[in-house]
Amino acid sequence: MPKAYIDGREIEFSMGERLNGIQAAARAGIAIPHYCWHPGLSVVGSCRMCLVEVGTRDTESGRIIMLPKLMPACNTPIKDGTVLVTHSEKVARARAMVEEDLLLRHPIDCSICDKAGECSLQDYHFRYGTAERRAEIRPFTSRKRDLGDITLFVDRCVMCSRCVRFTREISGASELLIIRRGAHEEIDVLPEQPLNNPLSGNVVDLCPVGALADKEFLYKQRVWHLRRSPGICTLCATGCSIWIEQNQDRVYRIKPRENPQVNHWWICNAGRYSYPRIHDPKRLRGTVRRTGEALVPVDGKALLRELPDRLRSAGRLALMLSPFLTVEEAYLACAWIRSLDTQAQITVGPIPRDGEDQQFSGGFRISAQKCPNRKGVEEIAAYFQPGGPTWSEWLNAAGRGEFGGIWVAGGYVDPWIDGPTARQVRRAGLLIVQDLFPTPLSDIADYVLAAGAFAETEGSYVNARHRLQVARRAVRPPWGNRPCGPLMWDLLGRTGLYDPRRVLSEVAAEIPYFHAALGEIPDIGIDLRINQLAEVTQRQPVV
Ligand code: FES
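Just so you know, these numbers come straight off a predicted model, no measurement behind them. (Residues numbered from 1 in each chain as written. Predicted model: local features only at pLDDT ≥ 70, side-chain atom pairs only at ≥ 80, totals over all residues. Heavy atoms only, no water.)

Draft legend 1. Structural context of the nonpolar core. Ranked by internal contacts, the top residues of the largest apolar core, which has 85 residues, are Leu147, Leu176, Val203, Ile406 and Leu441. For this core, the element with the most residues is helix α10 (residues 391–399), which contributes five residues. Aside from chain neighbours lying at most four places away, what touches Leu441 is Val408, Trp416, Ile417, Ala422, Val425, Leu431 and Val433. (Core = buried A, V, L, I, M, F, W, Y, C linked by side-chain atoms within 4.5 Å. Buried < 20%, exposed > 50% of the residue type's maximum accessible area, 1.4 Å probe, protein only. Helix = DSSP H or I, 4+ residues; strand = E, 2+ residues; numbered from the N terminus. Contact = heavy atoms within 4.5 Å.)

Structural data, given as structure tokens:
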């Protein structure tokens, strides 16, 4: 096996594996500072922050020959016998000079910069810079430029060109460019062609300093106040891995979480800016019972006593599962309804769709299916009722008055049902609706239960490519709102706190489609190694 030597540490890599100096050093547990290099973009080797000493070691004699000049690690392919020295006086001097050069023109406005706390320039300066500044300190002078979806603080830019390469290589829209030359270089857009594409928010994440600012996040929070939780974007069937960042139960930012199997380093703007819905004042709150014309609040304990009795006496039962539910929620909801009526009719609600799948030049895909868990929920429904009714068959049966009691486990983020369809469902004697926002159906339901938003829910989703991912709860739901999982857990009489991991283990043990998850359930939020679901079940992806 080929070997390389990083600061005296030996690393092995396989034949054909293409590593550069930064990646090889990371494998040896050594971080090489860098600005312009990013694993998802082409290599330009322009910032020179990653300069290291490079040499080769003769395998026979063990003799090492070093190159006289420092080389950029990002642009140094690692071969058998490559030697890198990342900590030496020469390297330290080069890093300090790069830092000093970058800070010559950089306004020292960390106290008002959004990036403070997660800024590479700031961090590297303290780690690799010199203690004394020879240039004059510039006051808060950064010029602002509106580039379209985002704001550029012109003077903070270190010209790493990651953002420019992103728009050329990943989003494919090429709106960003570099104008002027030398020390006068700046990022800009062409007149009448602002940065405006569905992936534009990623340039903010790519920016190693505070030059590109997210208009939605600007001046809202200092980053050191934020706590992040691993989540899954629920706005389309791609199911991107995300970080949900919150402070005191308020979500301020969503960022991509690296996942080579799903979204690499990127997310779309729809997912990135989906969090205001979590705090939308129009959301349903608490639980209410319709008594005549009045809506009477019902507390949690009373609800647990009332619902089973009312459903048992309602006659034939029916359940609608929304494709926004987690696997665990769908499983518990089916188990609960079947415990009351073994013939209960189970269906999956309408699948929201918008146009066609969008594929970008870098391979990123936005699914036309605007829900996160169609496959997972369909598999659960099919397990409890093989060959069960489609949504329209179920609706027709409801319209004919075949169901005495209906439970609608919604959770849709956009309007999903119209008045006539709602009146069809209302033919049931008892109608219980769980949802996020008021709909024509919740307006006429006997019980309205406020559901939990995606950041308030813990559980797993199966994306359009049969990949199961686990999301962790990031914030607590508003007082009185109960996500479907914990509610069903209590209704089923299970004791202790809601445990989605336990439920997923049961699902994996019982349902063949999920067998691959058996014994493979990792810590919540850490990506699962069970993307082989499709192969396990021999199912073809449903488009
Ligand atoms: Fe290597 Fe910029 S990271 S030159």
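Draft legend 2. Expanded view of the sheet that holds strand β23 (residues 447–450). The strand order across the open sheet formed by seven strands is β16-β15-β23-β22-β21-β17-β18, and the pairing between neighbours is mixed. The open sheet has two edge strands with one neighbour each: β16 (294–297) and β18 (345–348). Averaged over neighbouring strand pairs, the angle between their axes works out to 15° when direction is ignored. In terms of strand pairing, strand β15 (residues 287–291) meets β23 through three bridges, oriented antiparallel. (Pairing = 2+ DSSP bridges. Axes fitted to C-alpha atoms, helices over the stretch in contact; angles between N-to-C directions.)

Draft legend 3. Here's a closer look at helix α8 (residues 327–340). For α8, built from 14 residues, the straight-helix expectation of 20 Å at 1.5 Å per residue is met to within 8% by its first-to-last C-alpha distance of 20 Å. Summarising burial for α8: twelve of the 14 residues are buried, a large majority. Every buried residue of α8 is accounted for by Val327, Glu328, Glu329, Ala330, Tyr331, Leu332, Ala333, Cys334, Trp336, Ile337, Arg338 and Leu340. (Expected span 1.5 Å × (residues − 1).)

Draft legend 4. Examining the sheet that holds strand β8 (residues 150–153) more closely. Ordered by their spatial adjacency, three strands build an open sheet running β7-β8-β11, and the pairing between neighbours is antiparallel. Edge positions in the sheet fall to β7 (144–146) and β11 (212–214), since each of these pairs with one other strand and no more. Across the sheet, the mean angle separating the axes of adjacent strands is 30° when strand polarity is ignored. Bridging between β8 and β11 involves three bridges; their strand directions are antiparallel. Opposite Thr151, over in β11, you have Ala213 as the bridge partner.

Draft legend 5. Geometry of the pairing of strand β6 (residues 82–85). Pairing of strand β1 (residues 3–6) with β6, which is carried by two bridges, proceeds in the parallel orientation. What sits directly across from Ile6, in β6, is Leu84. As paired elements, strand β3 (residues 51–57) and β6 share four bridges and run antiparallel to each other. When the bridges of β6 are listed, Glu53 appears paired with Val85.

Draft legend 6. Broad picture of empty space enclosed by the protein. Using the criterion set out here, one finds five cavities of 30 Å³ or more in the structure. Size it by volume and the largest cavity reaches roughly 180 Å³. When the residues that make up the lining of the largest cavity are grouped by side-chain class, the tally is ten nonpolar, six polar and one charged. The calculated volume of the second largest cavity comes to roughly 140 Å³. Glu118, Val204, Leu212, Phe217 and Arg253 are, among the 14 residues lining the second largest cavity, the residues nearest its centre. Mapped onto the lining of the second largest cavity, the elements with two or more residues apiece are α5 (202–206), β11 and β14 (250–256). In terms of residue count, β11 provides more of the lining of the second largest cavity than any other element does, three residues in total. (1 Å grid on protein atoms, 1.4 Å probe; cavity = no way out; pocket = protein on both sides within 12 Å on 5 of 7 lines; lining within 4 Å. Points joined across faces, edges and corners; volume = space filled by probe spheres on them. Nonpolar A, V, L, I, M, F, W, Y, C, P; charged D, E, K, R; others polar.)

Draft legend 7. Structural detail: the packing of aromatic side chains. The tally for this structure, following the rule as stated, stands at 15 aromatic pairs. With a centroid separation of 5.2 Å and 85° between ring planes, the pair formed by Tyr383 and Phe384 is classed as edge-to-face. Residue classification places Phe384 among the buried residues on the basis of a relative accessible area of 15%. Ring centres of Trp391 and Trp394 lie 5.6 Å apart, and the angle between their planes is 25°; this geometry places the pair in the stacked category. With Trp391 and Trp394 both in helix α10 and three residues apart, the pair spans about one turn of that helix. (Phe/Tyr/Trp six-rings, centres within 6.5 Å; stacked < 30°, edge-to-face > 60°.)

Draft legend 8. Looking closely at the pattern of salt bridges. Scanning the entire structure with this criterion turns up 30 salt bridges. Between Glu100 and Arg134 there is a salt bridge whose closest N-O contact spans 2.7 Å. Pair noted here: Glu100 is in helix α2 (residues 89–104) and Arg134 is in the loop between α3 (120–128) and β7, with a separation of 34 residues, a long-range link. Judged by its relative accessible area of 71%, Arg134 falls in the exposed class. What emerges from the salt-bridge pattern is a single network uniting Arg143, Arg145, Asp155, Arg180, Glu186 and Asp188. (Salt bridge = Lys/Arg side-chain N within 4 Å of Asp/Glu carboxyl O.)

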